[in-house]
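# Observations on the model geometry
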Amino acid sequence: MARQVKRAFKYRFYPTDEQAVELSRTFGCVRLVYNKALEERTRAWYGQQRRISYAQSSAALTQWKKSEELAFLNEVSSVLLQQALRHLQAAFASFFAKRAKYPRYKSKKKARASAEYTRSAFTWRDGKLTLAKMAEPLDIRWSRPLPQGTEPSTVTVSRDSAGRWFVSMLVQDTIAPAPATGTAVGLDAGVTALVTLSTGEKITNPRHERRDRTRLAKAQRELSRKAKGSANREKARRKVSRIHARTTDRRRDFLHKLTTRLVRENQTVVIEDLTVRNLLKNGRLARAISDAAWADLRSMLEYKCAWYGRELVVIDRWFPSSKLCGACGRLRERLPLNVREWTCGCGTTHDRDVNAARDILAAGLAVSACGAGVRPQRESSRAGRSAMKQETQRATAGLPRL
């Protein structure tokens, strides 16, 4: 059954000089309002333990516009400033619900900036987008068409650190579920092989960051030699940002193709609940782990499985997938990272990554059959982790290998 989802379509566009000036002014005003409202809320929260609501921030914005010092805020659309206050309200709601850290100020030094336009702040006519305070539509490069018969409900304009301009349009899209398949796959994330499948296939890690490492180092050295505040330093900074942007684009493109293939081919996808933030504390592997982008891989799998009617099973981070023999269920005590193949006491020789992927699949199918997912356990004690491993071992021992 087809489902209705809100979907963002992102395009690059090339503004005229007048549009670039107007958008830069808008970005500055949005940042100012956000930071000033955050300052007022911070003073009230830490000084008086008092919360300021969105309505109070909106009333304060009205007073700021009337002051001589901030009268220039009237030059941009009020919708964008109100949206900045709504984003701040959402950030504080997440903070008080303990879902996120305390909101941070928007830095002027960071070149990336954005502004959100709601339906009353832009015009959509004959496939052309015209923003508030602008006389001409944006020159958008339509890399793919919008869904037929849809119109954007929200438009977000941004400029990244490399100086590229993007517009993201949020539309209501109808997505049909993918044809059902009877296959399931387990994924073991790694560094040498980005993903090892339970079928035995290994997806090689492209190592996008390593490809441009020499060029990036040279550009960073050139940047360090430029005088701060000079035009040449800004040019050098843009050069460094372009290298980072190219690496990011390549990585995202590769992950999109990989996750789309996995979702199309399999009805059930099983992955591990990896804590990437903790893994990045490993000084020797931090760069490689960051380049692998496991968090992005999981995020893409989550929403694509939801879109196309697939099942995504996430097993516990403490599940000993590498050390558990898939043939007899025996658990090996130690298995250093440099050991890529090992032989169990039952005589079965395992490839470390392939065995882990198959154990992950077996664990996922076991809990899926029971109608419950395996959620992350926050057990800090060694005894708790050992007990959990034993329970998972019992659940997966003797299951058929797919």
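Going by an unreviewed UniProt entry, the protein chain carries the name Putative transposase and comes from Actinomadura namibiensis.

### A short note on the overall build of the protein chain
When helices and strands are counted, the protein chain shows 11 helices and 14 strands. Seen through its C-alpha atoms, the protein chain measures out along the principal axes to roughly 80 × 55 × 50 Å. Residues counted as buried form 42% of the 402 residues belonging to the protein chain. At a minimum sequence separation of 6, the contacts of the protein chain that also span at least 24 residues come to 72%. Carbon and sulfur atoms make up 49% of the accessible area of the protein chain, which totals about 22,900 Å².

### Notes on the packing of helix α5 (residues 213-224) against helix α6 (residues 231-265)
With their axes 9 Å apart at the nearest point, α5 and α6 run at an angle of 160 degrees to one another. Taken as axis vectors, α5 and α6 run roughly antiparallel relative to one another. Handedness of the α5/α6 crossing: left-handed. Between α5, through R215, L216, A219, Q220, E222 and L223, and α6, the contact on the second element is made entirely by R233, A236, R237, K239, V240, I243, H244 and R246. Each residue belonging to the contact of α5 with α6 can be placed in one class, and the counts come to six nonpolar, two polar and six charged.

### Here's the deal with the UniProt feature "domain: Transposase putative helix-turn-helix" (unreviewed entry) in the protein chain
Mapped onto this structure's residue numbering, the UniProt feature "domain: Transposase putative helix-turn-helix" (unreviewed entry) falls at residues 1-47. For residues 1-47, the end-to-end C-alpha separation is 53 Å, with 66% helix and 23% strand making up the annotated structure.

### A short note on a positive patch on the surface
A contiguous patch of positive charge on the surface is contributed by K101, R104, K110, R277 and K281. On the secondary structure map, R104 appears in the loop between α3 (78-96) and β2 (113-118).

Rules used in this analysis
- Residues numbered from 1 in each chain as written.
- Predicted model: local features only at pLDDT ≥ 70, side-chain atom pairs only at ≥ 80, totals over all residues.
- Heavy atoms only, no water.
- Helix = DSSP H or I, 4+ residues; strand = E, 2+ residues; numbered from the N terminus.
- Buried < 20%, exposed > 50% of the residue type's maximum accessible area, 1.4 Å probe, protein only.
- Contact = heavy atoms within 4.5 Å.
- Areas by Shrake-Rupley, 256 points an atom, 1.4 Å probe, with all protein chains shown as cover.
- Axes fitted to C-alpha atoms, helices over the stretch in contact; angles between N-to-C directions.
- Parallel < 35°, antiparallel > 145°, perpendicular 65-115°, else oblique.
- Left-handed = near helix turned anticlockwise from the far one by under 90°.
- Nonpolar A, V, L, I, M, F, W, Y, C, P; charged D, E, K, R; others polar.
- UniProt positions renumbered as here; feature names shortened; annotations may be inferred.
- Patch = residues over 30% accessible without salt bridge, like charges linked within 9 Å, V, L, I, M, F, W, Y side chains within 5 Å.
- Salt bridge = Lys/Arg side-chain N within 4 Å of Asp/Glu carboxyl O.
- Lys, Arg positive; Asp, Glu negative; His and termini not counted.
- Charge placed at Lys NZ, Arg CZ, Asp CG, Glu CD.

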